[in-house]
Amino acid sequence: MAILVLGGAGYIGSHTVYELIDAGRDVVVVDNLLTGFRQAVHPKARFYQADIRDRAAMDKVFEAEDIEGVVHFAASSQVGESMSDPLKYYDNNLYGTTVLLQSMVAHGVKKIVFSSTAATYGEPETVPILESDKTQPTNCYGETKLAMEHMMSWVSKAHGLKYVALRYFNACGAHISGAIGEAHDPETHLVPIILQVPNGQRDHVSIFGDDYPTKDGTCVRDYIHVSDLAQAHILALDYLLRGGDNNVFNLGNGVGFTVKEVIDTARTVTGHPIPAEVSPRRAGDPAQLIASSAKAVEVLGWKPKYNDLGTIISTAWKWHQSHPNGYGEG
């Protein structure tokens, strides 16, 4: 039986497909390629170019393939864009998930691992954040992801769906082989933006706000290697396939780094001065987000391998040096 990965041509999705295939699994990928890349899909995965909002297309996949479980990454995920274009996020994230779940229910597929986000918590009251903490999103992206979690909970009650929501923090790094990595257009994630400076694609990096209540005034985030995230999705899927109940897990390293600290680490890794300039704060950015992943370690047996920031940035630098235009060449 096969695992269906939705959004499997995207950044975290493509790394999860690589890990699944390395583990000997049969994998089917669905992606509309609006933000994903066909070249990022593992050659051993069966690929369907389709949109999860297209019920007929989703039904066709479930009819053609023997699917035992779904891993769901297909969503819009830019915080800033979600504040300026919230209806896009309700359409792609919430309506898309509605159609997906309708098709899953119709075809009796009852296991789903869902890519959620730390943005569901909003501005945390305590650090590190626990799964039981309040969920009060400060941006539309986090709001739609939380609503998707709630949708799965109600579908579970009505139809016996079993789900795991993985709330993760700042994904970064690239596959250790350098075969795939991070490529967004426009690029909004901190590490690749920083690395565009030593790659000659921008002359400086902007720091959005240096007046936050943190040790150096810049935002604090928990950075987690994309391949470690991928492994957690596989562990969560196996947990469900063994009969595990609905659950929510944080994924992070439990250590926070400021924006300035990430830039300093990138300077060390690349040997480049990487000039930085302070810009105004962005709407919806919490001051700090740090995860407690103790539950994922205990329940899923998750063991992050790449938990050193220097190592994470080194894998990203390897990818960006060899692919300065992402998947745009070769």
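Refer to the structure printed above.
Per chain, residues are indexed from 1 in the order of the written sequence. Whole-chain, interface and lining totals are the exception, using all residues; otherwise, since this is a predicted model, local features are given only for residues with pLDDT of at least 70 and side-chain atom pairs are given and counted only at 80 or more. Values shown for side chains rest on all heavy atoms present in the structure; no hydrogens or waters enter the calculation.

This part takes up unusual backbone geometry. The linkage connecting Val127 with the following residue, Pro128, adopts the cis geometry, with an omega of 0°. Secondary-structure assignment places Pro128 in the loop between strand S5 (111–117) and helix H5 (140–159). A positive phi angle is found at Leu33, which is not glycine, with a value near 60°. Numbering of helices and strands runs from the N terminus, with a helix taken as a DSSP run of H or I at least four residues long and a strand as a DSSP run of E at least two residues long. Mapped onto the secondary structure, Leu33 falls in the loop between strand S2 (26–31) and strand S3 (46–49). By relative accessible area, which is 23% here, Leu33 ends up partly exposed. We note that Ile274 has phi near 45°; this positive angle belongs to a residue other than glycine. With respect to the secondary-structure elements, Ile274 resides in the loop between helix H8 (259–270) and strand S13 (276–279). Classification of residues uses two cut-offs on accessible area relative to the type maximum, computed with a 1.4 Å probe and protein chains only: under 20% is buried, over 50% is exposed, and between them is partly exposed.

Whenever strands of a sheet pair, they do so through backbone hydrogen bonds, lying parallel or antiparallel. When DSSP finds at least two bridges between two strands, those strands are taken to pair. The parallel open sheet is built from 7 strands, whose spatial order is S3-S2-S1-S4-S5-S6-S11. Every other strand in the sheet has two partners, leaving S3 and strand S11 (247–251) as the edge strands with one partner each. Taken pair by pair, the neighbouring strands of this sheet meet at an average axis angle of 20°, ignoring direction. As paired elements, strand S1 (residues 2–6) and strand S4 (residues 67–72) share 5 bridges and run parallel to each other. Paired with Ala2 across the bridge in S4 is Ile67. Along the sheet face, helix H4 (residues 86–106) touches S1, S4 and S5 and points at about 170° away from the line of S5. The contact definition used throughout considers only heavy atoms, calling two residues in contact when any of these lie within 4.5 Å. The axes are straight lines fitted to the C-alpha atoms, using for helices just the contacting stretch, and the angles between their N-to-C directions are given from 0 to 180°. Contacts between H5 and the sheet are confined to S4, S5, strand S6 (162–168) and S11, with S5 contributing the most and set at about 160° to the helix.

This paragraph deals with the pairing of S6. Most of S6 is tucked away: 6 of the 7 residues are buried. Pairing between S5 and S6: 7 bridges, direction parallel. Residue pairing in the sheet places Ser116 in a bridge with Arg167 of S6. When the strands point away from the viewer and the connection leading from the first strand across the helix to the second strand turns clockwise, the crossover is called right-handed. Handedness of the crossover joining S5 and S6 through H5 is recorded here as right-handed. Examined bridge by bridge, S6 and S11 share 5 bridges and lie parallel to one another. From the neighbouring strand, Val164 faces S11, where its bridge partner is Asn247.

On the secondary structure map, Gln196 appears in the loop between helix H6 (190–195) and strand S8 (205–208). For Gln196, a relative accessible area of 18% puts it in the buried group. The residues touching Gln196, leaving out its near neighbours within four places in the chain, are Glu187, Gln201 and Arg202.

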